[in-house]
2 protein chains.
Amino acid sequence: MKPIPSFSAFARLFALGALLAFGTQAFAQTDPLPSWNDGPAKQSIVAFVKETTDQASPKFVPPEARIATFDQDGTLWVSHPMYTQVMYCLERVPALVKAKPELAKVEPFKTVLSGNREAMAKLSMKDLEKILAATLTGMTVDEFNAEVKKWLETAKDPRWKRPYTELTYQPMQEVLKYLRENGYKTYIVTGGGQDFVRVYSEQVYGIPPEQVVGSAGGTKYGYAKDGRPMLTKEPKLLLNDNDAGKPEGIHLMIGRRPYAAFGNSTGDRQMLEYTKAGDGARLSMLVLHDDAEREYAYGPAQGLPDTRVGTFTQALYDEAKKDGWFVISMKNDWKRIFAFEQ
Amino acid sequence: MKPIPSFSAFARLFALGALLAFGTQAFAQTDPLPSWNDGPAKQSIVAFVKETTDQASPKFVPPEARIATFDQDGTLWVSHPMYTQVMYCLERVPALVKAKPELAKVEPFKTVLSGNREAMAKLSMKDLEKILAATLTGMTVDEFNAEVKKWLETAKDPRWKRPYTELTYQPMQEVLKYLRENGYKTYIVTGGGQDFVRVYSEQVYGIPPEQVVGSAGGTKYGYAKDGRPMLTKEPKLLLNDNDAGKPEGIHLMIGRRPYAAFGNSTGDRQMLEYTKAGDGARLSMLVLHDDAEREYAYGPAQGLPDTRVGTFTQALYDEAKKDGWFVISMKNDWKRIFAFEQ
């Protein structure tokens, strides 16, 4: 019997080793992208991660340089038929008019208050800008954060009858997580308002506010009546984070070129070009909305004209093919769209 | 002899336990700020870290909210008698004139080329702006990065005859490290050029480029002759990261209020006010340059007038005392100034 304790100690060590080996193996066999169908899109993501994180690879990227940028509207969550932030601005109008009753008789606020959706759809770009300026500026940054947070808790998408924050694409959530688990710092680079997205980015995407780059207005430092310092949101545009503004915004806010970038519209073109033009392995991808049943179909898949702003035009599709970007077909590449789907 | 293997296995386990315990204890007993003399400044830093990172503390700060911001010039490294970046711009003038010979006869370039330090000291703010615009803009961001990197490798401070990057304050390097080891994300928030500081921030301070907020010019996205996308630095100021520009820049680039902020001059006043005004434990600190022997003495310690821009005025000192900021005396609080000193 005497040798047993010793054998037992050895066995425990061995068991521990086996457990560790099994754990590693189990981990390696887990599919990091379970909501993706196997195909060139999924394969390109996995291949990119492998070749940039394997130290033996000639395209290895040191951890501190691993930056990946994601457009939000239409890339990470539903943005059709209207941007969520525009919904916020329209739905803020009643509260705004309550605080400033003189606006009730002034256009475009009068039309928004009427609730007449047909008339609202006809509002001009200039009208919309007036509504955005009135609902996104003039308050302190703390007040704005609190208002957006409160709205998000109750507002619902008209089609799915769910909070907007549940309408993120599960396959893209998996890409965010997969990249982060491989040392990538994930950023949102959105044409939407930086302050708006920062309110929920951590909770919804696991992306902290400081990793959100977006269209940004200026703030003004001042003091409240009690002497406390405060920052007030000003109607002054500092960064229009669309088109060329995306790589310019990336340089301003991050200071280095991404290794991977994801978009879905002409507003993302320059970000994808800039990313792909770097040395070594670079991944540029476009989400194509071609799934009318499970989400929406718009852009070239629907034969829409090339001139629509913010859509996936034929010219963009052609550039993607020519420059080696990958196109993600929602219909073919995604097993499911939302986390709430089984 | 038989029990020995078993005992030996047990002993190994025990030894491992002891080693772990000893390691923990040794770590706990290591002074995180060895270049600081014991006193209110050092104690305030240690107390702040303890009360914001101890889960049982009523002032506990969750890890994701732990943001600390540091001015650079005069707070993290020597900025006297001239900002390092201004030295860079002046020393770039010969190369600039080589590329554009027509500038040789034009002021203020002519004066800078002459090397006459007395005449250079008399250059107006407007002249200096011309030199800054000519040496900091007009090239691609990649060209600029390469130029600054090359300059830093050979340029030396005239007093210490050492690279500027060695003239960082060792006690502040320890604060950066100590905060990071306790889950804080450390940022530089500098009145200097964001692109300039980003070139060396990772190597010199362990702070990645994306955690540098500074005065920033715009860039313009375009294409080189070979079709490759490029970003060109433009003579257009987007953010003047001084005074009120510091909290405004923090909101733009980080999006939340810091828990700790460090500065040394009137340009840091609003950042320190804004930080200190937050809820819970907040630490605002000012470095006082009162050590003429080991570094420099300027500001109220020298009885200089309050009106000097970018210095530690009497008014700033009074606000610090009134609002509960801590003043760091280089002379009394720092055991040594630089890492190269024994």
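What counts and what doesn't
Residues numbered from 1 in each chain as written. Chains lettered and ligands numbered in written order. Predicted model: local features only at pLDDT ≥ 70, side-chain atom pairs only at ≥ 80, totals over all residues. Heavy atoms only, no water. Helix = DSSP H or I, 4+ residues; strand = E, 2+ residues; numbered from the N terminus. Buried < 20%, exposed > 50% of the residue type's maximum accessible area, 1.4 Å probe, protein only. Contact = heavy atoms within 4.5 Å. Areas by Shrake-Rupley, 256 points an atom, 1.4 Å probe, with all protein chains shown as cover. pLDDT = per-residue confidence, 0-100. Pairing = 2+ DSSP bridges. Axes fitted to C-alpha atoms, helices over the stretch in contact; angles between N-to-C directions. Parallel < 35°, antiparallel > 145°, perpendicular 65-115°, else oblique. Right-handed = clockwise from strand over helix to strand, strands pointing away. Polar contact = N/O pair within 3.5 Å; in protein donor to acceptor, adjacent residues only side chain to side chain. Buried area = accessible area lost by both parts, 1.4 Å probe. Salt bridge = Lys/Arg side-chain N within 4 Å of Asp/Glu carboxyl O. Nonpolar A, V, L, I, M, F, W, Y, C, P; charged D, E, K, R; others polar.

Asks: What exactly am I supposed to notice about the overall build of chain A here?
Replies: If you tally the helices and strands in chain A, you get 13 helices and seven strands. Across the 342 residues that make up chain A, the buried fraction comes to 50%. Expressed as a percentage of contacts within chain A between residues at least 6 apart in sequence, the contacts between residues at least 24 apart total 64%. When the accessible surface of chain A is totalled, it reaches about 16500 Å², and 56% of it is carbon and sulfur.

Asks: I'm lost on the confidence of the model for chain A in this one. Help?
Replies: In low-pLDDT regions, the fine details of the predicted coordinates are not to be read closely. Residues and elements named next belong to chain A. Of the residues in chain A, 89% have a pLDDT of 70 or more, and the chain-wide mean is 90. Counting interchain partners and residues more than four positions distant, the pLDDT-below-50 stretch residues 1–27 has four contacts. Model confidence for the complex is summarised by a pTM of 0.90, with the ipTM given as 0.89.

Asks: Can you walk me through the sheet that holds strand β1 (residues 67–70) of chain B in this structure?
Replies: Across a sheet, strands are paired by hydrogen bonds formed along the backbone, either parallel or antiparallel in direction. Strand order in the open sheet formed by seven strands is β4-β3-β2-β1-β5-β6-β7 (chain B), with mixed pairing between adjacent strands. Two strands close off the open sheet at either side, each with one partner strand: β4 (229–239) and β7 (326–329) of chain B. Ignoring which end each strand starts from, the neighbouring axes of this sheet average 30 degrees apart. Pairing between β1 of chain B and strand β2 (residues 185–193) of chain B: four bridges, direction parallel. Considered in β2 of chain B, the bridge of I67 of chain B is made with K185 of chain B. Strand contacts of helix α10 (residues 245–253) of chain A: β3 (212–223) and β4 of chain B, with the helix running at about 155 degrees to β3 of chain B, the strand carrying the most contacts. Where helix α10 (residues 245–253) of chain B meets the sheet, its contacts fall on β1, β2, β3 and β4 of chain B, and the angle it forms with β2 of chain B comes to roughly 130 degrees.

Asks: Looking at this structure, I do not really get the packing of helix α3 (residues 84–99) of chain B against helix α7 (residues 141–154) of chain B. What am I missing?
Replies: Pairs of packed helices are described in terms of their axes, by the angle between the two and the distance that separates them. Residues and elements named next belong to chain B. Between α3 and α7, the least distance of the axes is 11 Å, while the angle of their chain directions is 100 degrees. As judged from the angle between their axes, α3 and α7 are roughly perpendicular. Across from T84, M87, Y88, E91 and R92 in α3, the residues of α7 making contact are F144, E147, V148 and W151.

Asks: Before we go on, may I ask you to explain the pairing of strand β5 (residues 260–263) of chain A in this structure?
Replies: The side chains of a regular strand alternate between the sheet's two faces. Residues and elements named next belong to chain A. The alternating pattern of β5 places A260 and F262 and A261 and G263 on opposite faces, both of which are buried. Note that strand β1 (residues 67–70) and β5 share three bridges and pair parallel. When the sheet's bridge partners are listed, A68 is paired in β5 with A260. Sheet topology places β5 next to strand β6 (residues 283–288); four bridges connect them, and they run parallel. Paired with G263 across the bridge in β6 is L286. Of the crossover connections in this fold, the one passing from β5 over helix α11 (residues 269–276) to the parallel β6 is right-handed.

Asks: Help me out: how do you make sense of the environment of R198 of chain A in this one?
Replies: Considering the arrangement of structural elements, one finds R198 of chain A in helix α9 (residues 194–205). The spacing of R198 of chain A and P209 of chain A is eleven residues in sequence and 4.6 Å in space, taken between C-alpha atoms. Ignoring anything within four residues of it in the chain, the contact list for R198 of chain A reads P209, V212 and M253 of chain A together with H251, L252, M253, I254 and G255 of chain B. Engagement of the side chain of R198 of chain A in a polar contact is seen with the backbone oxygen of H251 of chain B, the distance being 2.8 Å. Looking at R198 of chain A, its side chain comes within polar contact range of the main-chain oxygen of L252 of chain B, at 2.9 Å.

Asks: Where do I start with the side chain of T186 of chain A in this structure?
Replies: Assignment of secondary structure puts T186 of chain A in strand β2 (residues 185–193). Within the structure, T186 of chain A has its side chain in polar contact with the side chain of R180 of chain A (distance 3.0 Å).

Asks: Looking at this structure, how should I read the interface of chain A and chain B?
Replies: Buried accessible area, meaning the area lost when the parts come together, often serves as the stated size of an interface. Between chain A and chain B, the residue contacts involve 43 residues of the former and 43 residues of the latter. Each partner contributes to the roughly 3600 Å² buried at the junction of chain A and chain B, and carbon and sulfur atoms together form 53% of this total. Counting across the interface, chain A meets chain B through nine salt bridges. On the surface where chain A and chain B come into contact, there are 28 residue pairs in polar contact (both at pLDDT 80 or more). Only α1 (3–29), α7 (141–154), β2, α9, β3 (212–223), β4 (229–239), α10 and α11 of chain A provide two or more residues apiece to the side of chain A that touches chain B. For the side of chain A that touches chain B, the per-class residue count stands at 20 nonpolar, seven polar and 16 charged.

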